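# Observations on the model geometry
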Amino acid sequence: MSKTIMIVDDSSSIRQLVKISLKGDGYEVIEACDGKDALSKMDGKKIHLIISDVNMPNMDGITFVKEAKKLPAYKFTPIIMLTTESQQSKIQEGQAAGAKAWVVKPFQPQQMLAAVSKLILP
Amino acid sequence: MSLDKEMQELLVNYTIESAELLQVMEEGLMELESIEESEETINAIFRAAHTIKGGAGIFGFEHIVGFTHVVESVLDAMRDGLLKVDSELVAALLPCCDHLGILVREIAKGHTEENSDLTKQSEKIIAGLQPFLDNAEGKQTDSSQVASQSIQVQDETHRVQNIECDNSKSGNWHLFLHFNPDCLRDGMDPLSFILYLTKLGEIIELTTSTQALPSAGEMDPESNYLIFEIVFKSDAEKADIENVFDFVRAGSQIHILPLESKIEYYIDLIDSLESDDMQLGELLIKCGVITRRELEEGLQAQQAKRERQQSQHIGDILIEQQTVQKPIVSAALEKQQRVKESKAIENQSIRVDAGRLDILIDLIGELVIAGASASLRASQTGDMALQEANAAVISLVEEVRDSALQLRMVPIGSTFSRFQRVVRDVSKELGKDIKLHISGADTEIDKSVVEKIGDPLMHLVRNAMDHGIEPAQLRIERDKPAQGNLQLNAYHSSGNIVIEVSDDGRGLDRDKILAKAVERGLIQVGETLSDQEVYSLIFEPGFSTADQISNLSGRGVGMDVVKRNITELRGDIAIDSTPGKGTTLRIYLPLTLAIIDGFLVGVGESSYVIPLDRVVECVALPPNENHDYMELRGEVLPFIRLRQLFNKKATLSKRQNVIVVEHLGVKAGLVVDKLKGELQTVIKPLGKLFGHVQGVGGSTILGSGEVALIIDVPTLLRQQEFASNTH
Amino acid sequence: MQTLALESELNIFNAAEQKPRLLEFLECDEELEVDLANVSEIDTAGLQLLILIKREAMKAGKKLKFVMHSQAVLNVLELTNLTGTFGDQVVLSSDEE
């Protein structure tokens, strides 16, 4: 059974990039364009991993992580934060909220896949 | 050569070497007072003492052997950690160095037998060491207890066990993974990290340890208890393996060690590394056995210990943190030692009479001139092959010149470190607590300059300590640390070597200097001067009278002499001072005194050389410019007409050029008739007869045989400034 | 002999529920069997629980066997080199090979 990964980012091109590379490795991908959208699309579904941007409209990444961690179905779901080099403090903030992994933008598809495969078994 | 003569030469060598070793000892002892990681330094001191003793033994100087032996015993006890290194101990050892120096000098004078006065002194100094020796002996007996305690402490932490298996031979890394207990809750599954690891290499052997799993009642099903040990085979760098665990590093124990069976390999690798005096950590990183992150972590731990007044060698910390095994660290330390020793040998290996070196430099100077002459003739013939051959010769001559000059270059470090003792002694004398910081000790400088810079530096250092740095009480009142800081720094900057003497004392008092200058008639009342101009007043001869020491902020004493010494070296000095914060004196010196790169210009029928490092650019003189200044890119550029300055009457050429020169931020133009291009040239000093001529730094002979004067830009600019000020 | 068939997941998400359930199961007989055929996802948390009940059973002198290992369980046991330690003959579930 293939595993499901959610990508939360307001940039459709980043979503696209992540989606294509993950699908190529056999993952199911759910897209969401911000924290709010993500929460509504999660809806108790089995999601093995969440990849989330930090700066997004409606609900930013940090708030989203905090909210997701409150839900029993996603309490232990691994979360990868997308940050930029200049957002070192965001990595810390994200970690405190519960997103322990991070990928620095801009990233190569292989970097994303490496981070994903460190976190979930195939 | 007769045996006697041979022995005589050997003896001369021994005394020279001993003097150097004593310098090493003294520097080492001074260092011991200021640093905490002292093992290396103690070793160096010990080796120095040992070598002196050994040499004395060869010549049969029993009194030196006997004396040094006692010193050596104390050093040995320090090395074994039986004696605590403190200022008391250093204070007892310093006189030993001094005394040994006297003993060796006596031998150099030919007094190979000891005399009774010196014997008495020897005995007295040895008596001073006796308490330390007694103390050390007492400790020897209970040192075994200490050792067993420290082992116990180590046992408390979980040590990485060796995985015993036959497969291990084919692996190269040993991973110990105890992920933090919360990792599962964070969505981090150790298993997927381990699976990911297989992308980098092959897991040869894996042991899952369940010993940390508590009883059923206490076990929290959401906590991680499993510990994994892996024998891993991979061509990846250690840093890449380490990166796998980035996300789980916090709170986890993750150790990546070279496999026991690979230790030999790393030891060999370390041995074969071509390395200069690398630091231990860098050495280990270079051979891939630790990562930069691990080193930084180790250094942080070291720093933390230091703050708790403990000291530990970085190698030991890395072993303790299970970053690397002891044999590898030991190999690296040995390597480091060998590098240092081989460097020391290199440093000592050739002694050349300075006089011979001077002859060589002189000859090369002549060669440069002869080369220029040959190339001039060659270019006149129009024979391309000859010109090419000549160009090749010239470029070789330049290389020979550079390496010959290199022979004369010595690091300024030894000059600087001599001041450790000075600062120590003078601060005791003054009752002030002053620490000397040295940086840029590796900066190289012409030996002839080094010899002449010692006195002015001594003056500046003493002045800074005496008048610059306030007494501790006053410093505390001014919210400064009680300990005063003095800094000696050296660096290269655009063709100059810069030596800085800075203190964090009271700074210069502008108003007082002004008042004094008016009183001495150096300036007019109401003259407006920049800070720089005010500060430089203290270099005026009129300022060097004794009564100013107390009421002026110091620094009046003999500063004109300092200035003169430096000017003689074709150098300059500048002051930077902030009231209440401190003063920095910057000495600018030419890299070498013998040869310069110059810019050749023609004025009338004569040629002049302007040192190239002063030249900023060349521009054409605007026609019909009758003022003594012109506009250059929106700025006013004052200029000096060399034609007027040197009183040249020849007819004006149609086109005149301005060479823009700069010194210490001041720019000016020199108006000349002809630009003749760059050249290398040997400076011939002007005879004493012309010592008073201002603005000329020396002379040189051109390829054509013509004599050209070398322009002394700083002096010219100062004259210019003076002239414009009085207008 | 009692058999307990575990469902699809044995991981951090349900470890807290599974622990009392598994311990309770240990009480119900002297000879026990845990059927792993339907375990499609297992992680370290799940593995720890299997190790825990195996150890508890041994302490209590009971016989506990894991049977019908699913591919997911086999993968994990192989990765952690515990296939042998678990001491059971690994029986492949029907749908594999």
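Treat the numbers as computed from the prediction; the structure is a model and nothing was measured.

Our next topic: the overall build of chain B. The number of helices and strands found in chain B is 23 helices and 21 strands. In chain B, which comprises 727 residues, the share counted as buried stands at 47%. Counted over contacts in chain B with a minimum sequence separation of 6, partners at least 24 positions apart contribute 68%. Accessible surface, chain B as shown: approximately 36700 Å² in total, 51% of it carbon and sulfur.

The next subject is the interface of chain A and chain C. With eleven residues of chain A in contact, the opposing surface of chain C contributes six residues. Of the roughly 590 Å² buried between chain A and chain C on both sides combined, carbon and sulfur atoms contribute 63%. For the chain A face of the interface with chain C, the top three residues by lost area are A:Lys46, A:Phe76 and A:Leu121, together amounting to 71%. Taken together, the links from chain A to chain C amount to one salt bridge. C:Glu9 serves as the salt-bridge partner of A:Lys46, at 3.4 Å between the closest nitrogen and oxygen. Among the residues forming the side of chain A that touches chain C, the class breakdown is six nonpolar, two polar and three charged.

Residues and elements named next belong to chain C. Judged by pairing direction, the sheet is parallel, and its three strands sit side by side in the order E1-E3-E5 without closing on themselves. Each edge of the open sheet carries a strand with a single partner, namely strand E1 (2-5) and strand E5 (63-67). Mean inter-strand twist for the sheet, computed between neighbouring axes without regard to direction, equals 20°. One ladder, built from four bridges, connects E1 with strand E3 (residues 31-35); its direction is parallel. Residue pairing for E3: leucine 4 is matched across the bridge by valine 34. Of the strands in this sheet, E1, E3 and E5 are in contact with helix H1 (residues 15-27), which crosses E1 at around 165°. Contacts from helix H2 (residues 44-59) reach E3 and E5, with the element oriented near 150° to E5.

What follows is about the sheet that holds strand E8 (residues 484-493) of chain B. All names here are of chain B. Spatial strand order, E6-E8-E9-E11-E10: five strands in an open sheet with mixed pairing. Looking along the sheet, the strands with just one partner apiece sit at the ends: strand E6 (434-439) and strand E10 (572-578). Neighbour to neighbour, the strand axes of the sheet diverge by 15° on average, direction disregarded. Sheet topology note: the strand E9 (residues 496-503)/strand E11 (residues 582-590) ladder contains eight bridges and is antiparallel. Of the residues in E11, the one forming a bridge with isoleucine 497 is leucine 589. Its contacts with the sheet place helix H15 (residues 413-430) against E6, E8 and E9, and it is angled at close to 170° to E6.

Time to look at the pattern of salt bridges. Residues and elements named next belong to chain B. Throughout the structure, instances matching the rule amount to 36 salt bridges over all chains. Between lysine 563 and aspartate 572 there is a salt bridge, and its shortest N-O distance comes to 3.6 Å. The buried category is assigned to lysine 563, whose relative accessible area is 18%. Given the relative accessible area of 5%, aspartate 572 is considered buried.

It is worth spelling out the packing of helix H5 (residues 109-119) of chain A against helix H6 (residues 190-197) of chain B at this point. Axis separation between H5(A) and H6(B) bottoms out at 6 Å; the angle between their running directions is 130°. By the angle between their axes, H5(A) is oblique relative to H6(B). Contacts between H5(A) and H6(B) involve A:Ala114, A:Ser117, A:Lys118 and A:Leu119 from the first element and B:Ser192, B:Phe193 and B:Tyr196 from the second. Grouping the amino acids of the contact of H5(A) with H6(B) by side-chain chemistry returns four nonpolar, two polar and one charged.

Looking now at the nonpolar core. Among the nonpolar cores identified, the biggest contains 102 residues, and A:Ile51, A:Val116, B:Leu175, B:Phe245 and B:Leu284 are the most heavily contacted of them. At eight residues, H2(C) tops the list of elements feeding residues into this core. Contact partners of B:Leu284, with chain neighbours within four places excluded, come to B:Ile270, B:Val289, B:Ile290, B:Leu318, B:Ile328, B:Val329 and B:Ala332. Listed in part, the 46 residues of the second largest apolar core include B:Met25, B:Met30, B:Cys97 and B:Ala136.

All names here are of chain A. UniProt annotation of "modified residue: 4-aspartylphosphate" (unreviewed entry) refers to Asp53 when read in the numbering used here. Of note, aspartate 53 is situated in strand E3 (residues 49-53). Beyond its immediate sequence surroundings of up to four residues, aspartate 53 is in contact with Val8, Asp9, Asp10, Gly61, Met81, Leu82 and Lys105.

Another point: the interface of chain B and chain C. Across the boundary between the two partners, chain B contributes 24 residues, which contact 21 residues of chain C. Both faces combined, the contact of chain B with chain C buries some 1900 Å², and carbon together with sulfur accounts for 67% of it. Among the residues of chain B in contact with chain C, B:Leu191, B:Ala216 and B:Pro221 are the three that bury the most area, contributing 30% of the side total. Along the contact surface separating chain B from chain C lie zero salt bridges. Where chain B meets chain C, there are ten residue pairs in polar contact (both at pLDDT 80 or more). Among the secondary structure elements, those contributing two or more residues to the side of chain B that touches chain C are H6 and strand E2 (201-209) of chain B.

Moving on: helix H2 (residues 35-42) of chain A. Residues and elements named next belong to chain A. Every buried residue of H2 is accounted for by Gly35, Asp37, Ala38 and Met42. On an axial view of H2, the arc spanned by its buried residues comes to 160°, and they lie on one face. Within H2, the exposed residues directed more than 90 degrees away from the buried face are Lys36 and Ser40. As for H2, its buried residues are in contact with strand E1 (4-8), strand E2 (28-32), E3 and helix H3 (61-70). The distance from a side-chain oxygen at the start of H2 to the backbone nitrogen of lysine 36 is 2.9 Å, and the residue carrying that oxygen is aspartate 34. Directly beyond the C-terminal end of H2, a positive phi value near 50° is found at aspartate 43.

Cut-offs used in this document
Residues numbered from 1 in each chain as written. Chains lettered and ligands numbered in written order. Predicted model: local features only at pLDDT ≥ 70, side-chain atom pairs only at ≥ 80, totals over all residues. Heavy atoms only, no water. Helix = DSSP H or I, 4+ residues; strand = E, 2+ residues; numbered from the N terminus. Buried < 20%, exposed > 50% of the residue type's maximum accessible area, 1.4 Å probe, protein only. Contact = heavy atoms within 4.5 Å. Areas by Shrake-Rupley, 256 points an atom, 1.4 Å probe, with all protein chains shown as cover. Buried area = accessible area lost by both parts, 1.4 Å probe. Salt bridge = Lys/Arg side-chain N within 4 Å of Asp/Glu carboxyl O. Nonpolar A, V, L, I, M, F, W, Y, C, P; charged D, E, K, R; others polar. Pairing = 2+ DSSP bridges. Axes fitted to C-alpha atoms, helices over the stretch in contact; angles between N-to-C directions. Parallel < 35°, antiparallel > 145°, perpendicular 65-115°, else oblique. Core = buried A, V, L, I, M, F, W, Y, C linked by side-chain atoms within 4.5 Å. UniProt positions renumbered as here; feature names shortened; annotations may be inferred. Polar contact = N/O pair within 3.5 Å; in protein donor to acceptor, adjacent residues only side chain to side chain. Arc of directions from axis to C-beta.

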